[in-house]
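# Overview (structure and organization)
Next come the chains, spelled out residue by residue.
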Amino acid sequence: FALGGHSLLAAQVVARVRPHVQVPDNVSGNPKAVVEVTLLPSLEVREVKLLQSSGNPAYDEAVQRAVWAAKTFPPLPAGVQFADFRRLKLEFRPR
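Throughout, a residue's number is its position along its own chain's written sequence, starting from 1. Predicted model: local features are reported for residues with pLDDT of at least 70 only, side-chain atom pairs are reported and counted for 80 or more only, and whole-chain, interface and lining totals are derived from all residues. As a convention, hydrogens and water are excluded, and side-chain values are obtained from all of the structure's heavy atoms.

Here glutamine 64 lies in helix H2 (residues 57-70). Whether two residues touch is decided by their heavy atoms; if any such pair falls within 4.5 Å, the residues are in contact. Leave out the neighbours within four places in its chain, and glutamine 64 touches Val35, Val48 and Leu50. Every helix listed is a DSSP run of H or I at least four residues long, and every strand listed is a run of E at least two residues long, numbered separately from the N terminus.

Take a look at the structure:
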């Protein structure tokens with residue numbers, strides 16, 4: 001993330017989504033799934049796209065479902081424009 005506020009918001013979003021991720025029993029190691037989340041101006045999820053598979057389709061699906069389950073993301077930091085945060089690239093690992 002180029003902007004300092006971007007990484008802070010991404011960390012807050014990952015923290016909000018992570019409890020919703022139901023890690024499948026068959027996940028070995030600590031693979032990384034990367035998703036791009038597109039937000040509406042209300043900070044609700046508009047779209048979730050898998051950018052990088054973890055190598056485990058069940059875990060990839062669990063991450064995407066968890067983003068949808070989180071529904072609405074935390075408020076933007078003061079002084080930032082929504083346009084800068086319309087799309088967020090988020091990384092998830094099971095451990």
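Resuming the write-up.
Neighbouring strands of a sheet are bound in pairs by backbone hydrogen bonds; such pairs are parallel or else antiparallel. Only strands joined by at least two bridges in the DSSP assignment are considered to pair. Reading across from one edge, S2-S1-S3 is the order of the three strands in this open sheet, with antiparallel pairing throughout. Strand pairing shows two members of the sheet lacking a second neighbour, strand S2 (45-52) and strand S3 (87-92), which therefore form its edges. Direction aside, neighbouring strands of the sheet carry axes that sit 25° apart on average. Throughout, an axis means a line fitted to C-alpha atoms (over the contacting stretch in the case of helices), and angles, computed between N-to-C directions, take values from 0 to 180 degrees. Strands strand S1 (33-39), S2 and S3 of the sheet are contacted by H2, whose axis makes an angle of about 160° with S2.

Turning next to the nonpolar core. The criterion is simple. A nonpolar core is a set of buried Ala, Val, Leu, Ile, Met, Phe, Trp, Tyr and Cys residues joined through side-chain atoms within 4.5 Å. Classification of residues uses two cut-offs on accessible area relative to the type maximum, computed with a 1.4 Å probe and protein chains only: under 20% is buried, over 50% is exposed, and between them is partly exposed. If you look at the biggest cluster of nonpolar residues, it comprises 26 residues, and the most contacted ones within it are Val17, Val67, Phe73, Leu90 and Phe92. Broken down by element, the residue count for this core peaks at six residues, all from H2. Dropping the residues within four chain positions of it, valine 67 is found in contact with Val17, Val35, Val37, Val45, Val48, Phe73 and Phe92.

Our focus in this paragraph is the environment of serine 53. Mapping serine 53 onto the fold places it in the loop between S2 and H2. Judged by relative accessible area, serine 53 falls into the partly exposed class, the value being 41%. Taking the C-alpha atoms as reference points, serine 53 and glycine 79, separated by 26 residues in sequence, lie 34 Å from one another. The term polar contact refers here to a pair of N or O atoms within 3.5 Å; inside protein, the definition further demands a hydrogen-donor-capable atom paired with an acceptor-capable atom, and it admits residues adjacent in sequence only when both atoms are side-chain atoms. In terms of polar contacts, serine 53 uses its side chain to reach the backbone amide nitrogen of glycine 55, at 2.9 Å.

A few words now on H2. Counted at 1.5 Å a residue, the expected span for H2 with its 14 residues is 20 Å, and the 20 Å between its end C-alpha atoms agrees. For H2, every residue scored as buried is listed here: Tyr59, Asp60, Ala62, Val63, Gln64, Ala66, Val67 and Ala70. Two to three positions downstream of the cap, the backbone nitrogen of alanine 58 sits 3.0 Å from a side-chain oxygen, assigning the N-cap of H2 to asparagine 56. Remark: lysine 71 follows H2 within two positions and exhibits a positive phi of approximately 65°. By definition here, a helix of n residues has an expected span of 1.5 Å times n minus one.

A few words now on the pairing of S1. Of all the seven residues making up S1, seven are buried; the element is thus mostly covered by neighbouring parts of the structure. Judged by which residues are buried, S1 turns out to be covered on both faces: Ala33, Val35, Val37 and Leu39 on one side and Val34, Glu36 and Thr38 on the other are all buried. The pairing of S1 with S2 spans six bridges and is classified as antiparallel. Across the sheet, residue leucine 39 finds its bridge partner in S2, namely valine 45.

This paragraph deals with the pairing of S3. In regular strands, side chains alternate between the two faces of the sheet. Only one face of S3 is covered, namely the face carrying Leu88, Leu90 and Phe92; the face carrying Arg87, Lys89 and Glu91 is uncovered. Examined bridge by bridge, S1 and S3 share six bridges and lie antiparallel to one another. Among the inter-strand pairings, threonine 38 is bridged to a residue of S3, identified as arginine 87.

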